[in-house]
Amino acid sequence: MCVFVQSMSHAAAAQSANIIFICVHREHYGFLETMAPHLEGKVLVDLSNNLKKGMYPEANAAYLQRLVPGAAVVKGLNTLSAWALQNGLLAGKQVYLCGNSAKAKQAVGEMATKLGLTVLDRGSLSAARELEDFPLRLFQEWRLPLLVAIGLIAFFFFYLLIRDVIYAAVEQDKNISYRIMISLANKVFPIVSLIMLSLCYLPGVIAAFLQLYRGTKYRRFPDWLDRWMLCRKQMGLVALGLAFLHAIYTFIIPIRYAVRHKLISTVVNEMKNNKTTPFYFDDTEAWGTDSFYVLGILGFFLYVLLGLTSLPSVGGTLSWREFSFVQSKLGHLTLFICTAHGYIYGWNKFLRPSTYKWYTPPGYMLCLIVPSIVLVLKFLILLPCVDRTLTRIRQGWERTEPKEEMVMTKATNL
Amino acid sequence: MCVFVQSMSHAAAAQSANIIFICVHREHYGFLETMAPHLEGKVLVDLSNNLKKGMYPEANAAYLQRLVPGAAVVKGLNTLSAWALQNGLLAGKQVYLCGNSAKAKQAVGEMATKLGLTVLDRGSLSAARELEDFPLRLFQEWRLPLLVAIGLIAFFFFYLLIRDVIYAAVEQDKNISYRIMISLANKVFPIVSLIMLSLCYLPGVIAAFLQLYRGTKYRRFPDWLDRWMLCRKQMGLVALGLAFLHAIYTFIIPIRYAVRHKLISTVVNEMKNNKTTPFYFDDTEAWGTDSFYVLGILGFFLYVLLGLTSLPSVGGTLSWREFSFVQSKLGHLTLFICTAHGYIYGWNKFLRPSTYKWYTPPGYMLCLIVPSIVLVLKFLILLPCVDRTLTRIRQGWERTEPKEEMVMTKATNL
Amino acid sequence: MCVFVQSMSHAAAAQSANIIFICVHREHYGFLETMAPHLEGKVLVDLSNNLKKGMYPEANAAYLQRLVPGAAVVKGLNTLSAWALQNGLLAGKQVYLCGNSAKAKQAVGEMATKLGLTVLDRGSLSAARELEDFPLRLFQEWRLPLLVAIGLIAFFFFYLLIRDVIYAAVEQDKNISYRIMISLANKVFPIVSLIMLSLCYLPGVIAAFLQLYRGTKYRRFPDWLDRWMLCRKQMGLVALGLAFLHAIYTFIIPIRYAVRHKLISTVVNEMKNNKTTPFYFDDTEAWGTDSFYVLGILGFFLYVLLGLTSLPSVGGTLSWREFSFVQSKLGHLTLFICTAHGYIYGWNKFLRPSTYKWYTPPGYMLCLIVPSIVLVLKFLILLPCVDRTLTRIRQGWERTEPKEEMVMTKATNL
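All residue numbers refer to position in the chain's written sequence, counted from 1. Each chain takes a letter, starting from A, and each ligand takes a number, starting from 1, following the order in which they are written. Local features in this predicted model are restricted to residues of pLDDT 70 or higher, and side-chain atom pairs are both shown and tallied only at a pLDDT of 80 or more, whereas totals for entire chains, interfaces and linings draw on every residue. Side-chain figures throughout are based on the complete set of non-hydrogen atoms in the structure, without hydrogens or water.

Attention now goes to the overall build of chain A. Assigned secondary structure in chain A consists of 16 helices and five strands. Only protein chains enter the area calculation, which uses a 1.4 Å probe; residues under 20% of their type maximum are buried, those over 50% are exposed, and those in between are partly exposed. For chain A, the residues scored as buried account for 51% of the 414 residues in total. The contact criterion used is simple: two residues touch if any of their non-hydrogen atoms lie within 4.5 Å. If you take every contact in chain A between residues at least 6 apart in sequence, the share linking residues at least 24 apart comes to 75%. On chain A, roughly 19,500 Å² of surface is accessible, and the fraction owed to carbon and sulfur atoms is 63%. The helix count covers DSSP runs of H or I at least four residues long, the strand count covers runs of E at least two residues long, and both are numbered beginning at the N terminus. Here the Shrake-Rupley method, with its probe set to 1.4 Å, supplies the accessible areas, and only the displayed protein chains count as covering residues.

Moving on to the packing of helix H15 (residues 363–382) of chain A against helix H16 (residues 384–394) of chain A. All names here are of chain A. It is at 5 Å that the axes of H15 and H16 come closest, and there the two elements cross at 75°. Our classification of the angle between H15 and H16 gives roughly perpendicular. Contacts from Leu380, Ile381 and Leu382 of H15 reach H16 at Pro384, Val386, Asp387 and Leu390. Here an axis means a line fitted to C-alpha atoms, over the contact stretch when the element is a helix, while the angle between two N-to-C directions is reported on a 0 to 180 degree scale. Roughly parallel means an angle under 35 degrees; roughly antiparallel, over 145; roughly perpendicular, 65 to 115; everything else is oblique.

A separate point is the UniProt feature "transmembrane region" (unreviewed entry) in chain A. UniProt positions are given in the numbering used here, feature names are shortened, and annotations may be inferred rather than shown by experiment. Feature annotation in UniProt assigns "transmembrane region" (unreviewed entry) to the following positions: residues 144–162, 188–213, 234–255, 292–318, 330–348 and 363–386 of chain A. For residues 292–318 of chain A, the helix share is 81%, the strand share is 0%, and the end-to-end C-alpha distance is 33 Å.

Residues and elements named next belong to chain B. When DSSP finds two or more bridges between two strands, those strands count as paired. With mixed pairing, five strands are arranged side by side in an open sheet as E1-E2-E3-E4-E5. Sheet topology places strand E1 (19–22) and strand E5 (118–121) at the edges, where each strand pairs with a single neighbour. Pairs of neighbouring strands in the sheet enclose a mean axial angle of 30°, with direction left out of account. When strand E3 (residues 72–76) meets strand E4 (residues 94–99), the two strands line up antiparallel, connected through three bridges. Within E4, the residue paired with valine 74 across the bridge is glycine 99.

A few words on the sheet that holds strand E5 (residues 118–121) of chain C. Residue and element names in this part refer to chain C. The sheet built from five strands is open, its strands ordered E1-E2-E3-E4-E5 with mixed pairing. Of all the strands in the sheet, the pair left with one neighbour each is strand E1 (19–22) and E5. For this sheet, the mean inter-axis angle between neighbouring strands, taken without regard to orientation, is 30°. As paired strands, strand E4 (residues 94–99) and E5 are joined by four bridges and run parallel to one another. Bridging from a neighbouring strand, leucine 97 pairs with aspartate 121 of E5.

With that settled, the discussion passes to the packing of helix H12 (residues 283–309) of chain A against helix H10 (residues 232–251) of chain B. Running from N to C, H12(A) and H10(B) point in directions that differ by 140°, and their axes come no closer than 11 Å. Here H12(A) is positioned oblique relative to H10(B), judged by the angle of their axes. The chirality of how H12(A) crosses H10(B) is right-handed. Listed contacts from H10(B) to Val294(A), Ile297(A), Leu298(A), Phe300(A), Phe301(A) and Val304(A) of H12(A) are Gly241(B), Phe244(B), Leu245(B), Ile248(B) and Tyr249(B). By the definition used in this description, the sense in which the near helix is turned from the far one sets the handedness, with an anticlockwise turn below a right angle giving left-handed and a clockwise turn giving right-handed.

Residues and elements named next belong to chain B. Relative to the assigned elements, threonine 289 resides in helix H12 (residues 283–309). Threonine 289 gets classed as buried once you look at its relative accessible area, which sits at 17%. One polar contact links the side chain of threonine 289 to the main-chain carbonyl oxygen of glutamate 285, over a distance of 2.9 Å. Pairs of N or O atoms within 3.5 Å make up the polar contacts considered here, provided that, within protein, one atom can donate a hydrogen while the other can accept it, and that residues adjacent in sequence are counted only when both atoms are side-chain atoms.

By the secondary structure assignment, Ala258(B) is in helix H11 (residues 257–273). Given the relative accessible area of 10%, Ala258(B) is considered buried. A sequence separation of 80 residues divides Ala258(B) from Tyr178(B), and the C-alpha atoms of the two residues are 8.8 Å apart. Excluding residues that lie within four positions of it along the chain, Ala258(B) makes contacts with Phe281(A) and Tyr178(B).

So, about the environment of Thr309(A). All names here are of chain A. Relative to the helices and strands, threonine 309 resides in helix H12. For threonine 309, a relative accessible area of 12% translates into the label buried. Here the alpha-carbon distance between threonine 309 and valine 326, two residues 17 residues apart in the chain, equals 7.8 Å. Excluding residues that lie within four positions of it along the chain, threonine 309 makes contacts with Val314, Gly315, Leu318, Phe323, Val326 and Gln327. At 3.1 Å, the side chain of threonine 309 forms a polar contact with the side chain of glutamine 327.

Attention shifts here to H10(B). With 20 residues, H10(B) ought to run about 28 Å at 1.5 Å a step, and its terminal C-alpha atoms sit 28 Å apart, in line with that. Extensive coverage of H10(B) is indicated by the burial of 15 of its 20 residues. One less than the number of residues in a helix, times 1.5 Å, gives the span that helix is expected to have.

Turning our eyes to something else, we now look at the packing of aromatic side chains. Think of it this way: a Phe, Tyr or Trp ring, Trp meaning its six-membered ring, pairs with another when their centres are within 6.5 Å, and the plane angle makes it stacked under 30 degrees, edge-to-face over 60, tilted otherwise. Under the definition given, this model contains 45 aromatic pairs over all chains. Aromatic pair Phe251(A) and Phe251(B): ring centres 4.9 Å apart, planes at 65°, arrangement edge-to-face. Taken together, the residues Phe251(A) in helix H10 (residues 232–251) and Phe251(B) in helix H10 connect one chain to another. Pair check on accessibility: Phe251(A) and Phe251(B) agree, each one buried. Centre to centre, the rings of Phe292(A) and Tyr345(A) are 5.5 Å apart; their planes meet at 35°, and the pair counts as tilted. Of the two residues, Phe292(A) sits in helix H12 while Tyr345(A) sits in helix H14 (residues 320–345), which places them 53 residues apart along the sequence. For Phe292(A), a relative accessible area of 18% gives the class buried. Look at Tyr345(A) and you get partly exposed, because its relative accessible area is 30%. One aromatic cluster in this structure is built from Phe292(A), Tyr293(A), Tyr345(A) and Tyr364(A). Sitting over a ring, as applied to charges here, requires NZ of Lys or CZ of Arg to be within 6 Å of the ring centre and within 35 degrees of the ring normal. Lying over the aromatic face of Tyr63(A), Arg26(A) brings its terminal NZ or CZ to 4.5 Å of the ring centre. The positively charged end of Arg26(C) is found above the aromatic ring belonging to Tyr56(C), 3.9 Å away from the centroid.

Let us now look at the pairing of strand E3 (residues 72–76) of chain C. Residues and elements named next belong to chain C. When you tally the buried positions in E3, you get five out of five residues, the bulk of the element. Where burial is concerned, the two faces of E3 agree: the one with Ala72, Val74 and Gly76 and the one with Val73 and Lys75 are both buried. Each parallel crossover has a hand, and the one from strand E2 (residues 43–46) via helix H4 (residues 60–67) to E3 is right-handed. Convention used here: a crossover is right-handed provided that the path from the first strand, over the helix, to the second strand proceeds clockwise when the strands point away from the viewer.

Turning next to unusual backbone geometry. Although it is not a glycine, Asp173(B) adopts a positive phi angle of roughly 55°. Inspection of the secondary structure assignment puts Asp173(B) in the loop between helix H7 (140–171) and helix H8 (185–214). We note that Tyr359(C) has phi near 60°; this positive angle belongs to a residue other than glycine. As for its placement among the helices and strands, Tyr359(C) is situated in the loop between helix H15 (320–345) and helix H16 (363–382). Assessed through its relative accessible area of 81%, Tyr359(C) is described here as exposed.

Let us now look at helix H2 (residues 30–39) of chain A. All names here are of chain A. What H2 keeps buried is the set Leu32, Met35, Ala36 and Leu39. Down the axis of H2, the sector holding all buried residues measures 165°, keeping them to one side. Exposed side of H2, more than 90 degrees from the buried face: Thr34 and Pro37 are the residues found there. A positive phi of about 80° marks glycine 41, the residue just after H2. Working definition: the arc comes from the directions between the helix axis and the C-beta atoms, pointing outward to the latter.

Right, let's get into the environment of Asn78(A). Residues and elements named next belong to chain A. As for its position among the elements, asparagine 78 is in the loop between strand E3 (72–76) and helix H4 (82–86). Separated by 54 residues in the primary sequence, asparagine 78 and glutamate 132 place their C-alpha atoms 7.4 Å from one another. Setting aside chain neighbours within four positions, we find asparagine 78 in contact with Leu47, Ser48, Asn49, Leu131, Glu132 and Pro135.

Let us now look at a positive patch on the surface. A cluster of basic residues, Lys53(A), Arg143(A), Arg321(C) and Lys329(C), forms a positive patch on the protein surface. Along the chain, Lys329(C) falls in helix H15. Residues with no salt bridge and a relative accessible area higher than 30% make up the patches, which join like charges within 9 Å and nonpolar side chains (Val, Leu, Ile, Met, Phe, Trp, Tyr) within 5 Å. Between Lys or Arg on one side and Asp or Glu on the other, a salt bridge is scored when a side-chain nitrogen of the former is within 4 Å of a carboxyl oxygen of the latter. Just so you know, the count uses Lys and Arg for positive and Asp and Glu for negative, and it drops His and the chain ends. Note that the charge is assigned to NZ on lysines, CZ on arginines, CG on aspartates and CD on glutamates.

In this section: the pattern of salt bridges. Where side chains of opposite charge bring their charged atoms close, a pairing between them can arise. Here the structure, examined in full by the defined rule, presents 24 salt bridges over all chains. Residues participating in the shared-partner salt-bridge network are Asp46(A), Lys75(A) and Glu132(A).

Here the focus is the side chain of Glu322(B). If you trace the backbone, Glu322(B) turns up in helix H14 (residues 320–345). Beyond its immediate stretch of four places on either side in the chain, Glu322(B) contacts Thr317(B), Arg137(C), Leu138(C), Phe139(C) and Gln140(C).

Any segment with low pLDDT has predicted coordinates that should not be analysed in fine detail. All names here are of chain A. pLDDT measures the predictor's confidence residue by residue and takes values from 0 up to 100. Scored by pLDDT, chain A comes out at a mean of 82, with 88% of its residues at no less than 70. By mean pLDDT, helix H1 (residues 10–16) is the weakest element of chain A at 57, and H10 is the strongest at 94. Counting contacts from residues 1–8, a segment whose pLDDT is below 50, to residues more than four positions away or on other chains yields 22 contacts.

Laid out in structure tokens, this is it:
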């Protein structure tokens, strides 16, 4: 990745420049050692990246600094593409810098700011390793949520495949395999979406109960809980994606061949067997299904709102109170409405024996377990007596020995 | 909210630090007075928040400055959560700073910038009160639009409930209460959405006529108009939310029980009473309903476009001319198309006496009043003679005594 | 556009201010020449805009600098509206500055940063002309994609109008003109959307083959290719807009009068002519149409994902590798799925003679040409032998004479 090219001799170029961009592969750094006298007092920006993690024991930038001790090495800008740089497509991109010389970092930072980049200072050159691993990361924080989603999708897909398609083939000798494409998917996606949404809010209630049990907020959460809490946003967005798919799958139901075929069959049967006109209109059915749809629509609407506030530019304009109002209050409301959507789906089904094919519960029952637990726990937390204690704990009160609250901080070398 | 903890004695900590974060509740500030000699010349960042508005006559930061006159107090960063700070979830968040010492503010600002925060300077310490009220604000600029929306929704809900459901129960002895869930909601939402959209554009035309009447652009608008203009964005977004709900409600119409039931009844009746095959295809009806749908789709598409450009990150990349092109030209086009969508809905209904149940006009007629007025006024403004005068006024021309246009500004202490 | 007004005499104002905003029309600049002595050493911010491009041979700011040589003229902030400035609606807006004095630029830049603006430095005063043309630009980079889209829409609209509506009128004497509104549009939009999407990825494969042919990455692409590559984002977003329209058009199909009419006719015919109950269920048809819908849904889902990552605030948080993963891997997958969606649409139609009305191929065939070419070329590039060579070229290897790779740069005056 070479940014600016000049046709001078290297030594002459080094002499005249103040900031020098090094875009050589690490193997060729040796050559710079011979140039060391010319590089005395210059700022060297190490743009190098490695092809895989942990290729070298030492970060490239640290190695460079060792070779040219008289120069101030700054690591950074290595997450940009040369093509984007050339074409000025940089406005708003976040870049990271690190280096031992504050002055050198400032010089490079100012130049980057002029190009429209947002510069984040990551401290001394010891962070260079982390920065060099950055371009190799690929949606790291998305891994766990995606793995959970894929696991759940696979499980429910096979579970419903057995219960619906294979059961029909074995017990009723009917081939309904065409349902795999849409009907089955349209059961799996909402089920996994609801579970993922409840997994967003489960760590929050666990944390609250942990604080209540410990009687203090000043002890760190266990690592697994911290890691879980840090990928809540990604979990929620995966859940939103699945809810979006569920919505579209639902919208196209009536144009499907099988659905139209069934509708026509119903009419023809109605004509042949049932001679009453107008035939019976089931008011309870109308109320039940309409409530089911309305809860689905409102749930999806709130889902989308939550997704929008998680956009960096929208979330950035919200104060902490507004953000936590949306993500906590509105989030739990979304979970409640979507769970109710699930309960109404089964309102008149859970008593029928035909629901429990091969003695297995249907998918929608399984998917309601986690959300119900989260909602019950959240409800317990909202009870006045529990809520009061928790609020006091979160304001700094401790059950055992109240520590002094005054805190002073040395923040010069942040 | 305590950011950095060190286990030194307070005096020792104060001695060694340059920037000290104060995260004590205001009641404990007294203790800092005793420390004043150690705090001489330090930068104190007041992170405190109050539990409600107007608890103290003086801002916390001003009180702190009075207690420790030798230190430079900077108010700010109080809209962040400690948890987000700990976990580095700050990139892109906007924070505000204020303080009497420019140097102290700069030091804190630089530190915040390194953390990825976007710092907005709000001037001297007299703004501290405003900053302390920030975290207590909850979607302040959304209040009026949401109140208007809720009021309109409630009005139209009961209006249509009486006209549709109660009328049918009283006059025709039919129970169609199941319609409340979806049919009624799907009338109320588009009605309120269209009215809210027109309320976005009404202040603009009022402002234009005010400028025409006054013959100058140099007089401030009345306060109510200014406040109205400042919440246009929120009004538009609420309108978009309702339009989104209207769209989804419409998409699921064909899978509803009542709709399928009615379809089957129609076929059965068709078979019994009408023996002609193929039965009559009403070409006008096909054109009319299709045009109605197309206008709805295009209107919704433009609506979504408007919503996207109001995202901070999208709007930020547009120049003023582009932004006003989208929001004004495209906005009025959206209003025009959505209003046409409403007119076509009633194209063959407004002459039927059955439309005026209990001598009341249907909902769609009521909702067309404000948009029609806005469109007529806008059309008047676009007339060449009016447009020419208005353009001249907006370029600085004044009808009465043209003032000198040169303006000089002292902007050192901005 | 006048930002801050003070009621002092001009000379007094100039004396006391350090930064002076000039918001006079260019015609009145002459008056400033007489003030030159008072403006000595001041920073003059030229906010002026012109009414059209190329009105004057010299940029306004350059002209101002010539009139008042003793002052430091900075051009900028001219893309903001005074109203937005007054009401503090600036946070996150990008503004450009240019000027010959670095110190003056810095002073203006700092003030703008305090207002929440993002400042991009565009170098010396010679860039003033470009900055003055900025507010006159109206979606410049959108022009080409929009023109291509409009051209394609017009072509396919008339092509399908002739093949569908006019053919039916002439050959079968049937009036199906009502189909223009929705059925025809719902063919044109997906066709153009798919072509536009493939036009996004065509320049990428062309560039790859060019690099393979030349054996180096160090030669610039021809201008037309560069320009094409720079509007890929806009092309993709136009394609997404059309896909969005296609989706909504599809969702409302079942509530259309003509569709319900046809459904009822089908039932009535079924009853009259076909006495078998339950009548024949075509399993292949069910699989075929469902696969068609599923590919459409997944394609649309990925389309939306691509659109979301092109939002500045989302894209800004991605590293280059993540961004190129999404835009390249996911993008080609989207193209593949959407193309498959098109192929399945015609899976059992392309052999029927009735498909080729008046010896013309149907629209969906025409629209599959470009995407198929792109996918085949991309497949060739992914072949191990080709991929290996290309990767080496992109890492800096050259086929002929390998140049030295070390590059040094003078970046002080960036």
